[in-house]
Amino acid sequence: MDGNDSRRIDRLEAVLRAAQARRSAPLPDAGLAGSVLAAIKASPAAAPPPAGDDGSHRLDRLEAVLRLAHADRSGPPLDPGMAASVLATLKAEAAAPVVPENRVLWRMAAGAGVLAAATVLFALTFGSGLEEELGRLLFYDPSGQVVVSLLGV
Amino acid sequence: MPVASWSMTGSTPTPARTAKLRSVMVEAVVDMEDARVLKAIRAGNVDAYAVIMTKYQGRVSGIVSGHAPRDRVAELTHEVFVRAYRSLDGYRGESPLGHWLAKVAVRTCHDFWRAQYRIKERPESDLSDECRAFAEEAAALATGEAAEETASRREAEDLLRWALDKLSATDRMVVTLTHLEERPVAEAAEMLGMSVPNVKVRAFRARKKLREILGDVIGA
């Protein structure tokens, strides 16, 4: 397309735009509203609102009622003897004999058990070379003499 | 208010400012009373605790009755005050004693429901026909006045309790505090001892689940 064609198209567009702007609306129809309403009434019944909307509103109403029910909820009458009852409970707890702390004893028992198990294991494996390894590990005693002397063997 | 104090603050006395200052002073006086009683309790006077219990029994009982079954309210209120006494060393006075007791009450109710849910034999009741009919009626109400009247019926409480029984212990506490009692999320989180984001997420999910449960009842 050359420059002449492009200018021709621009002029044509300008003419059409001017014609569009000069278009005048038709005279108002006095019976338009009546005919539109008649058409609407004559058409099949409008589709019901989506089920979700209606269900949501019903849930909202039910929630509002339940919220009110919760707010209006009244508890039982106050117990006049509650304070005395609580004080009695607290005093009974305070007067209860103190159970001696058994934790240290249990730990000592556990330690003795571990030591006994280690001794049994050691005795069972004595002569297998394990004691020499232990001696090397603990006392840097390659020949295991320290362990032997400790055990009095 | 004496003129000298206003001139010292540099602000102009107005009715609103005066009323606010009076309420702060009243609260300070009340807190001072509680502080005096707490001091006596910490000094070893256990009987002084009766003053605290008498003063806050109504408030604590009201909170407990909003969360627990009616026949367990007295027992749980008793438990709240026993727990509060045991943890009095943890009360530093940063908030009014009533707020602190409210927290203890909510956490006691939470522990109650967690214990209840651990009991495998906990009965799950079926919803009665009357409650189903009530739910349909409540869902069709048009006016707020009708809602007020309808909410006072026994079926409303039964339906609410039945629906909350379907939620977990923590979810029922969260949805009761945030949705039914309309407390701010931050306040509910503080009362339950949970983080705000946790409560936000739980509140959203619990409410959604509650609506699903109620929706199944009314066929929505």
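Structure report, in brief. Because the structure is a prediction, the values reported are computed rather than measured. (Residues numbered from 1 in each chain as written. Chains lettered and ligands numbered in written order. Predicted model: local features only at pLDDT ≥ 70, side-chain atom pairs only at ≥ 80, totals over all residues. Heavy atoms only, no water.)

1. Some points on the overall build of chain B
A tally of regular secondary structure across chain B gives 11 helices and 0 strands. Looking at the 220 residues of chain B, the share that counts as buried comes to 42%. (Helix = DSSP H or I, 4+ residues; strand = E, 2+ residues; numbered from the N terminus. Buried < 20%, exposed > 50% of the residue type's maximum accessible area, 1.4 Å probe, protein only.)

2. Some points on the pattern of salt bridges
One pass over the full model with this rule turns up 18 salt bridges over all chains. Residue K91 of chain A pairs with D47 of chain B through a salt bridge whose shortest N-O separation is 2.6 Å. Pair noted here: K91 of chain A is in helix 4 (residues 82–95) and D47 of chain B is in the loop between helix 2 (15–42) and helix 3 (49–65), and the two residues belong to different chains. We classify D47 of chain B as partly exposed; its relative accessible area is 42%. Residue D171 of chain B pairs with R202 of chain B through a salt bridge whose shortest N-O separation is 2.8 Å. Of the two residues, D171 of chain B sits in helix 9 (residues 169–180) while R202 of chain B sits in helix 11 (residues 196–218), which places them 31 residues apart along the sequence. A single salt-bridge network, built from bridges that share partners, covers D60 and E63 of chain A together with R207 and R211 of chain B. (Salt bridge = Lys/Arg side-chain N within 4 Å of Asp/Glu carboxyl O.)

3. Things to note about a nonpolar patch on the surface
Together, L130, L134, L137, L138 and F139 of chain A line one region of the surface with nonpolar side chains, adding up to about 480 Å² of accessible area. Position of L134 of chain A relative to the elements: it lies in helix 6 (residues 130–139). (Patch = residues over 30% accessible without salt bridge, like charges linked within 9 Å, V, L, I, M, F, W, Y side chains within 5 Å. Areas by Shrake-Rupley, 256 points an atom, 1.4 Å probe, with all protein chains shown as cover.)

4. Some remarks on the packing of aromatic side chains
Residues and elements named next belong to chain B. Enumeration according to the criterion identifies 5 aromatic pairs over all chains in this entry. Linked through ring pairs, Y49, F81 and Y85 together constitute an aromatic cluster. When the ring centre of W113 is taken as reference, the NZ or CZ atom of R172 above it lies at 3.6 Å. (Phe/Tyr/Trp six-rings, centres within 6.5 Å; stacked < 30°, edge-to-face > 60°. Lys NZ or Arg CZ within 6 Å of the ring centre and 35° of its normal.)

5. A look at empty space enclosed by the protein
Sizing a probe to match a water molecule and rolling it over the atoms shows the empty space that remains. Under the definition given, this model contains 3 cavities of 30 Å³ or more. Size it by volume and the largest cavity reaches roughly 120 Å³. Looking at the largest cavity, it is lined by 14 residues, and the ones nearest its centre are R73 of chain A together with H67, R161, L164 and R172 of chain B. Those elements that place two or more of their residues in the lining of the largest cavity are helix 8 (154–165) and helix 9 of chain B. Looking at which element gives the most residues to the lining of the largest cavity, the answer is helix 8 of chain B, with 4 residues. (1 Å grid on protein atoms, 1.4 Å probe; cavity = no way out; pocket = protein on both sides within 12 Å on 5 of 7 lines; lining within 4 Å. Points joined across faces, edges and corners; volume = space filled by probe spheres on them.)

6. A closer look at the interface of chain A and chain B
Taken residue by residue, the interface counts 30 residues in chain A and 46 residues in chain B. For the pairing of chain A and chain B, the buried interface totals around 3,600 Å² over both sides, and the portion due to carbon and sulfur atoms is 64%. When the area that chain A buries against chain B is broken down by residue, the three leading residues are R58, H70 and R73 of chain A, summing to 18%. Where chain A packs against chain B, one counts 6 salt bridges. Note that R86 of chain B is salt-bridged to E93 of chain A, the shortest N-O span being 2.3 Å. Linking chain A to chain B there are 16 residue pairs in polar contact (both at pLDDT 80 or more). Elements with a minimum of two residues in the side of chain A that touches chain B: helix 3 (51–72) and helix 4 of chain A. Ranked by residue count, the leading element in the side of chain A that touches chain B is helix 3 of chain A, at 15 residues. (Contact = heavy atoms within 4.5 Å. Buried area = accessible area lost by both parts, 1.4 Å probe. Polar contact = N/O pair within 3.5 Å; in protein donor to acceptor, adjacent residues only side chain to side chain.)

As far as function goes, none of this settles anything; it's purely spatial.
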